[in-house]
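In case you want the letters, here they are:
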Number of protein chains: 2
Amino acid sequence: MKARVHVMLKNGVLDPQGEAVRHALGTLGFDGVNGVRQGKVIELDLADGTSEDTINEMCEKLLANTVIESYSVEVV
Amino acid sequence: MKARVHVMLKNGVLDPQGEAVRHALGTLGFDGVNGVRQGKVIELDLADGTSEDTINEMCEKLLANTVIESYSVEVV
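Chain A is annotated in an unreviewed UniProt entry as Phosphoribosylformylglycinamidine synthase subunit PurS from Yoonia rosea. Taken verbatim from the UniProt record of chain A, the Sequence similarities (unreviewed entry) comment is "Belongs to the PurS family." According to UniProt, the comment filed for chain A under the heading Subcellular location (unreviewed entry) is "Cytoplasm".

This is how it looks when you write it as structure tokens:
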């Protein structure tokens, strides 16, 4: 089975990477870019039957820094 | 309008970050993790009416390195 985990900085946490992208898009002539947030996507190839609880545990323990990041799990 | 861009390394391109995550999950006692690929997700807050072509152009010019990365655009 495959699962996809999105890890994004929480709202209110400064995102310098996203800000750099926003600025660069403006420099390249793309108007109307009001905001950019950059996060991670992690695609896991797991043994069949792995529960969503286990995947959440992986996120809590390793994949996301839950102090500043939120995550969402999607089984695909 | 909001758009979400996923940027992943193409198949066959070595992904050391993903490999490190896979190894770390094993060390933490999670069995059955056969593979991990790590990519980027970029959330764009754009002016209404921005076309998907424009977003694709942003990807080609800045967001993805199309030599080794593939991208997908999702308007949300």
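Novice: I would appreciate a short explanation of the pairing of strand 1 (residues 2–9) of chain B in the present structure.
Specialist: Regular strands place their side chains on alternate faces of the sheet. Residues and elements named next belong to chain B. Within strand 1, 6 of the 8 residues are buried, which leaves it mostly tucked inside the rest of the structure. Strand direction decides the pairing type here: strand 1 and strand 2 (residues 33–46), joined by 6 bridges, are antiparallel. Its bridge partner being in strand 2, Ala3 is matched across the sheet by Leu44. Here 7 bridges tie strand 1 to strand 3 (residues 69–75), and the two strands are oriented antiparallel to one another. Among the inter-strand pairings, Ala3 is bridged to a residue of strand 3, identified as Val75.

Novice: Please clarify how the environment of Ala47(B) should be interpreted in this entry.
Specialist: For Ala47(B), the location among the structural elements is in the loop between strand 2 and helix 2 (52–63). For Ala47(B), a relative accessible area of 29% corresponds to the partly exposed category. For the pair Ala47(B) and Met1(B), spaced 46 residues apart in sequence, the C-alpha to C-alpha distance is 6.2 Å. Not counting the four nearest positions on each side in its chain, Ala47(B) is found in contact with Gly32(A), Asn34(A) and Met1(B).

Novice: Quick question: what am I supposed to make of the interface of chain B and chain A here?
Specialist: Where interface size is quoted, it is often the accessible area lost as the parts come together. Taken together, the contact pairs 29 residues of chain B with 29 residues of chain A. Counting each side, the surface lost to burial between chain B and chain A is near 2,500 Å², with a carbon and sulfur contribution of 69%. At the junction of chain B and chain A, the tally comes to 0 salt bridges. Taken together, the links from chain B to chain A amount to 11 residue pairs in polar contact (both at pLDDT 80 or more). Of the residues forming the side of chain B that touches chain A, the biggest block, 14 residues, is contributed by strand 2 of chain B. A class-by-class count of the residues in the side of chain B that touches chain A yields 16 nonpolar, 7 polar and 6 charged. Bridge count between strand 2 (residues 33–46) of chain A and strand 2 of chain B: 13 bridges; the pairing is antiparallel.

The rules behind the values
Residues numbered from 1 in each chain as written. Chains lettered and ligands numbered in written order. Predicted model: local features only at pLDDT ≥ 70, side-chain atom pairs only at ≥ 80, totals over all residues. Heavy atoms only, no water. UniProt positions renumbered as here; feature names shortened; annotations may be inferred. Buried < 20%, exposed > 50% of the residue type's maximum accessible area, 1.4 Å probe, protein only. Helix = DSSP H or I, 4+ residues; strand = E, 2+ residues; numbered from the N terminus. Pairing = 2+ DSSP bridges. Contact = heavy atoms within 4.5 Å. Buried area = accessible area lost by both parts, 1.4 Å probe. Salt bridge = Lys/Arg side-chain N within 4 Å of Asp/Glu carboxyl O. Polar contact = N/O pair within 3.5 Å; in protein donor to acceptor, adjacent residues only side chain to side chain. Nonpolar A, V, L, I, M, F, W, Y, C, P; charged D, E, K, R; others polar.

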